Amino acid sequence: MNAIWSMAYQLFGEFGASHMNLSLVQYIGEERITIVRCSHKALRNVRAVIAAVTKINDKRAVIHVVAISGTLKSLRKKITKPAV
Amino acid sequence: MRKFADIHLHPDLTKKEDIEKIIYKAAELNYAIVGISLPLKTRQSTINFSRRICEAAGVDFVARIDLTPKSTSGLLKNLRQVRRGFELVSVNCLSKSVARQAAKDHRVDLLAFPSINPRERFFDISEARLASQGVAALEIDMSLILQLHYFPRVRILSSLRREVAIAAKFHIPVVISSNAVDSYQLREPRELASLTTLFGMDKESALNAVSVNPIAILERNRKKLDSSYVAKGISIVQRGANCDS
């Protein structure tokens, strides 16, 4: 989450990051999935921030967006549903 | 349903595991088409290997070459050599004269400006005007944005914002690619498209830049490289002694 916040500051500054309303909802360790909440109006910017992350704790890393949803219930269904 | 293409992958061609890894990762990220950058003198075995891996992964393989000529005569010489051998030809425009010549030439598919120095990026209104009369598209490699930080990134984003606005004004297609060297630099197509928000591209244009635009260039070239193609608007439909039947 620190990596995402740090990139949000870098790319959009404090003003832009404040519009995103980013918060951590859940981290599923076994599947290495993080559920993050954000403002729907800033969704495109948040996706850009997530795509721009190249390091986490000084180690090369990449974060991919698995699913997006308006509700947690449908999001959890999407991420647990096997890919067709 | 959109088909997505990343037409600029740059794995180390001497390591087969790297080629395999990047192709499988691209397939996992829902790319239907991948373009691998090959040098001028590529071994046929490398091309065949890449093609086999792409078939196994379920993606379409595109042979691409990146020309970096020092002069217009060098560019013309390279184009004569490579045009029939590669499905995509990109020119890295490091000088104004090369940029102008590449924009005019119908054998060039993609115009790339790899420099981060705004004075060495030559995609201006004159360039756009020339490109609009040709077939070249503007290529934007996202690896620059991902690798740079702070002031260099700010500069490159300013340049890209200006170039994208010029391309839109002259209706020049924009193509977005990852220029990924390894799987860490690959991004899912919609993530690549979302990065364009940093330099002012709208959502629809960004999605077209990773899907419709590169696929249109590829289809046009494949038609031209087909054995039945003669010239623009002319192709051989049937061969043989009795073509009336």
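Scroll up for the structure.
The rules behind these values
Residues numbered from 1 in each chain as written. Chains lettered and ligands numbered in written order. Predicted model: local features only at pLDDT ≥ 70, side-chain atom pairs only at ≥ 80, totals over all residues. Heavy atoms only, no water. Helix = DSSP H or I, 4+ residues; strand = E, 2+ residues; numbered from the N terminus. Rg over C-alpha atoms; globule rule 2.2 N^0.38 Å. Buried < 20%, exposed > 50% of the residue type's maximum accessible area, 1.4 Å probe, protein only. Contact = heavy atoms within 4.5 Å. Areas by Shrake-Rupley, 256 points an atom, 1.4 Å probe, with all protein chains shown as cover. Lys, Arg positive; Asp, Glu negative; His and termini not counted. Charge placed at Lys NZ, Arg CZ, Asp CG, Glu CD. Buried area = accessible area lost by both parts, 1.4 Å probe. Salt bridge = Lys/Arg side-chain N within 4 Å of Asp/Glu carboxyl O. Polar contact = N/O pair within 3.5 Å; in protein donor to acceptor, adjacent residues only side chain to side chain. Core = buried A, V, L, I, M, F, W, Y, C linked by side-chain atoms within 4.5 Å. Axes fitted to C-alpha atoms, helices over the stretch in contact; angles between N-to-C directions. Parallel < 35°, antiparallel > 145°, perpendicular 65-115°, else oblique. Left-handed = near helix turned anticlockwise from the far one by under 90°. Nonpolar A, V, L, I, M, F, W, Y, C, P; charged D, E, K, R; others polar.

**Considering the overall build of chain B**
Step number 1: Across its full length, chain B holds ten helices and nine strands.
Step number 2: Computed over its C-alpha atoms, the radius of gyration of chain B comes to 18 Å, within 12% of the 18 Å expected for a compact globule of 245 residues.
Step number 3: Once the C-alpha set of chain B is aligned to its principal axes, its extents read approximately 65 × 40 × 35 Å.
Step number 4: Residues counted as buried form 51% of the 245 residues belonging to chain B.
Step number 5: Considering only intrachain contacts with a sequence separation of at least 6, the fraction spanning at least 24 residues in chain B is 73%.
Step number 6: For chain B, the computed accessible surface area is about 11,800 Å², with 52% contributed by carbon and sulfur atoms.
Step number 7: Distance from the positive charge centre (37 side chains) to the negative charge centre (26 side chains) of chain B: 6 Å.

**Section: the interface of chain B and chain A**
Step number 1: In this complex, chain B contributes 24 residues to the contact, which on the side of chain A involves 18 residues.
Step number 2: Here chain B and chain A share an interface that buries about 1,700 Å² over both sides, 53% of which is from carbon and sulfur atoms.
Step number 3: For the interface between chain B and chain A, the tally reads two salt bridges.
Step number 4: Where chain B touches chain A, the interface holds eleven residue pairs in polar contact (both at pLDDT 80 or more).
Step number 5: Mapped by element, the contributors of at least two residues to the side of chain B that touches chain A are α7 (150-169), α8 (189-195) and α9 (203-209) of chain B.
Step number 6: With five residues, α8(B) is the single largest residue contributor to the side of chain B that touches chain A.

**Section: the nonpolar core**
Among soluble globular proteins, nonpolar side chains are generally buried collectively.
Residues and elements named next belong to chain B.
Step number 1: Core analysis: the largest hydrophobic core is formed by 86 residues, its most contacted members being Ile 23, Leu 111, Leu 195 and Phe 199.
Step number 2: Leave out the neighbours within four places in its chain, and Ile 23 touches Ile 36, Ser 50, Ile 53, Cys 54, Ala 57 and Val 59.
Step number 3: Counting residues in hydrophobic clusters, the runner-up holds eleven residues, among them Ile 33, Val 62, Ala 137 and Ile 217.

**Things to note about the packing of helix α4 (residues 96-104) of chain B against helix α5 (residues 125-133) of chain B**
Residues and elements named next belong to chain B.
Step number 1: With their axes 7 Å apart at the nearest point, α4 and α5 run at an angle of 25° to one another. The angle between α4 and α5 places the two elements in the roughly parallel class. α5 is crossed by α4, and the crossing has right-handed handedness. Between α4 and α5, the residues in contact are Ala 99, Arg 100, Ala 103 and Lys 104 and Ser 126, Glu 127, Leu 130 and Ala 131, respectively.
Step number 2: When grouped by side-chain class, the residues that make up the contact of α4 with α5 number four nonpolar, one polar and three charged.

**What about the pattern of salt bridges?**
All names here are of chain B.
Step number 1: Per the counting criterion, the structure on display carries 14 salt bridges over all chains.
Step number 2: For Lys 15, the salt bridge identified is with Asp 12, shortest N-O distance 3.9 Å.
Step number 3: Looking at Asp 12, the relative accessible area reads 30%, which means it is partly exposed.
Step number 4: Between Lys 25 and Glu 28 there is a salt bridge whose closest N-O contact spans 3.5 Å. With a gap of three residues between them, Lys 25 and Glu 28 both fall in helix α1 (residues 16-28), about one helical turn apart.

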